[in-house]
Amino acid sequence: MNRFISDLKKYRNYTIYAAKSELKSEVANSHLSWLWWILDPLLFMIVYSFVALIVFDRGEPYLPVFIFIGYNSWNFFSACLRQSVKLVIANRSIVSKVYIPKFVFIIQKMAANGFKMMIAFSIVIIMMVGYRVPVDWKVILMLPLFVVLLVITFAFSTILLHFGVYVEDLANVVAITLKLLFYMTGIFYSIQNRVPYPYSSLLLKCNPMALLVDSMRRVLIYRQMPQWGAVSAWFVIGILLTIWGLRNIYRHENSYVKVM
């Protein structure tokens, strides 16, 4: 971990520069520019609100806010994981010429995706005001929940980055798995209200994103405390997976070029 912290400081400027460059390149040829980072989750929210209210005639309190919170969090998590699988291969030109810790590519993607998530979450605040969602001091608990989200995302990304070099079909497996997890995360429905017990409890404990999405809705919409026991457990799991993932990367990163 000492090496990780040292490399993190050493390549900090590169990470920031690379993330900024990626964000600029994304909107360089777009007429709506950064507005797409808001329109994407907004359009998704409208579609699933229509499905829930019109097609199934069922919904949750403050449904647009409910969906927006879930989708923004999920979009960050899934985008980082999908991109991590092919990060080494995508940066082949850099990896083959100069040494750079491979986890830096993950942080670069997380910084870019995190920036877009924060812009989208600013719309959540506006929507909460518009729908007159009552709030209290528990909204500050979003900060530790974001920390857990970052740790979990980084942990799984390090593992996928390493094995993505050696397993060509891993990207397809990850894409299918994420599609399945999407419907098991409760983006447009409440797991606690729609899934019978004890399956709802099991799903929240075994799926970190379902737990975090539920916890964010608790503090932002329902003025309730998160399930700190389960959240803390996943934070510890995330730290342990991060250590394992970083060790794999450091141990094998010199051989990545030979495999590509």
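Draft legend 1. Expanded view of helix H12 (residues 208–222). Taking 1.5 Å of rise per residue, 15 residues should cover 21 Å, and H12 covers 20 Å from first to last C-alpha, within 8% of that figure. By the criterion of burial, H12 is predominantly enclosed, with 14 of the 15 residues buried. The N-terminus of H12 is capped by asparagine 207, whose side-chain oxygen sits 3.1 Å from the backbone nitrogen of methionine 209. One or two steps after H12, the chain reaches arginine 223, where phi turns positive at roughly 55°.

Draft legend 2. Structural context of the nonpolar core. Counting 72 residues, the largest nonpolar core has Phe121 and Leu149 as its most contacted members. Of the residues forming this core, the biggest block, 13 residues, is contributed by helix H4 (residues 63–85). Ignoring any residue separated from it by four or fewer positions in sequence, one finds leucine 149 in contact with Phe76, Phe77, Met117, Met209, Leu212 and Met216.

Draft legend 3. Representation of the packing of H12 against helix H13 (residues 228–252) in the model. Viewed as axis vectors pointing N to C, H12 and H13 meet at an angle of 135°, and their least axial separation amounts to 10 Å. Considering the angle they form, H12 stands oblique to H13. In terms of crossing hand, the pair formed by H12 and H13 is left-handed. Mapping the contact onto sequence places Pro208, Leu211 and Ser215 in H12 and Ala230, Val231 and Trp234 in H13. Of the residues contributing to the contact of H12 with H13, the split by class is 5 nonpolar, 1 polar and no charged.

Draft legend 4. Structural context of the environment of leucine 211. The residue leucine 211 is located in helix H12 in this model. For leucine 211, a relative accessible area of 1% translates into the label buried. The spatial distance from the C-alpha of leucine 211 to the C-alpha of glycine 186 is 9.5 Å, given a sequence separation of 25 residues. Filtering out sequence-adjacent residues up to four positions away, leucine 211 remains in contact with Leu204, Gln227, Ala230, Val231 and Trp234.

Draft legend 5. Representation of the side chain of aspartate 214 within the structure. Along the chain, aspartate 214 falls in helix H12. There is a polar contact of 2.8 Å between the side chain of aspartate 214 and the side chain of arginine 218. Once you skip the residues sitting within four places of it in the chain, aspartate 214 turns out to touch Gln192, Leu204 and Gln227.

Draft legend 6. Seen up close, the pattern of salt bridges. Applying the stated criterion to the full structure yields 2 salt bridges. Across the pair lysine 138 and aspartate 136 runs a salt bridge, and its minimum N-O distance is 3.2 Å. Classification of aspartate 136 by relative accessible area gives partly exposed; the value is 24%. Arginine 218 is paired through a salt bridge with aspartate 214; the nearest N and O atoms lie 2.8 Å apart. Note that arginine 218 and aspartate 214 are positioned in helix H12 at a spacing of 4 residues, about one turn of the helix. By the burial criterion, arginine 218 is buried, and aspartate 214 matches it.

Draft legend 7. A look at helix H11 (residues 199–206). What H11 keeps buried is the set Ser200, Leu203 and Leu204. With its buried residues spanning 95° around the axis, H11 presents them on a single face. With respect to the buried face of H11, the exposed residues turned more than 90 degrees away are Tyr199, Leu202 and Cys206. Residues of H11 that are buried sit in contact with helix H10 (191–194) and H12.

Draft legend 8. Quick look at the packing of aromatic side chains. For the structure shown, the criterion picks out 12 aromatic pairs. On the basis of an interplanar angle of 45° and a centroid distance of 6.3 Å, the ring pair of phenylalanine 163 and tryptophan 244 is categorised as tilted. One end of the pair, phenylalanine 163, is in helix H8 (residues 142–166); the other, tryptophan 244, is in helix H13, and 81 residues separate them in sequence. Look at phenylalanine 163 and you get partly exposed, because its relative accessible area is 33%. Note on tryptophan 244: relative accessible area 42%, which makes it partly exposed. Ring centres of phenylalanine 188 and tyrosine 189 lie 5.7 Å apart, and the angle between their planes is 70°; on these two criteria the pair is classed as edge-to-face. Members of the aromatic cluster, each reached through a chain of ring pairs, are Trp74, Phe77, Phe156, Phe182, Tyr183, Phe188 and Tyr189.

Conventions we followed
- Think of each chain on its own: its residues are numbered from 1, step by step along the sequence as written.
- Local features in this predicted model are restricted to residues whose pLDDT is 70 or higher, and side-chain atom pairs enter the listing and the counts only when it is 80 or higher, whereas totals over whole chains, interfaces and linings include all residues.
- In computing side-chain properties, one takes all heavy atoms of the structure into account and sets aside hydrogens as well as water.
- Only runs of H or I of at least four residues qualify as helices and only runs of E of at least two qualify as strands under DSSP, and these elements are numbered from the N terminus.
- Working rule for helices: expected span equals 1.5 Å times residues minus one.
- Classification of residues uses two cut-offs on accessible area relative to the type maximum, computed with a 1.4 Å probe and protein chains only: under 20% is buried, over 50% is exposed, and between them is partly exposed.
- Identification of polar contacts relies on pairs of N or O atoms within 3.5 Å, with a donor-acceptor requirement for protein atoms, meaning one able to donate a hydrogen and the other able to accept it, and with residues adjacent in sequence counted only if both atoms are side-chain atoms.
- Here, nonpolar core means buried Ala, Val, Leu, Ile, Met, Phe, Trp, Tyr and Cys residues that are tied together by side-chain atoms lying within 4.5 Å of each other.
- Whether two residues are in contact is decided by their heavy atoms: any pair within 4.5 Å suffices.
- Axes here refer to lines fitted to C-alpha atoms; in helices the fit is confined to the stretch in contact. Angles between the N-to-C directions go from 0 to 180 degrees.
- Each angle receives one of four descriptions, namely roughly parallel if under 35 degrees, roughly antiparallel if over 145, roughly perpendicular if within 65 to 115, and oblique otherwise.
- Should the near helix be turned anticlockwise from the far one by less than a right angle, the crossing is left-handed, and should it be turned clockwise, the crossing is right-handed.
- Nonpolar residues are Ala, Val, Leu, Ile, Met, Phe, Trp, Tyr, Cys and Pro. Charged residues are Asp, Glu, Lys and Arg, and all others, Gly as well, are polar.
- A pairing counts as a salt bridge when a side-chain nitrogen of Lys or Arg comes within 4 Å of a carboxyl oxygen of Asp or Glu.
- Note that the arc is computed from the directions linking the helix axis to the C-beta atoms.
- Ring geometry is summarised as follows: Phe, Tyr and Trp rings, the Trp one being its six-membered ring, pair when their centres sit within 6.5 Å, and such pairs are stacked at plane angles under 30 degrees, edge-to-face over 60 and tilted between the two.

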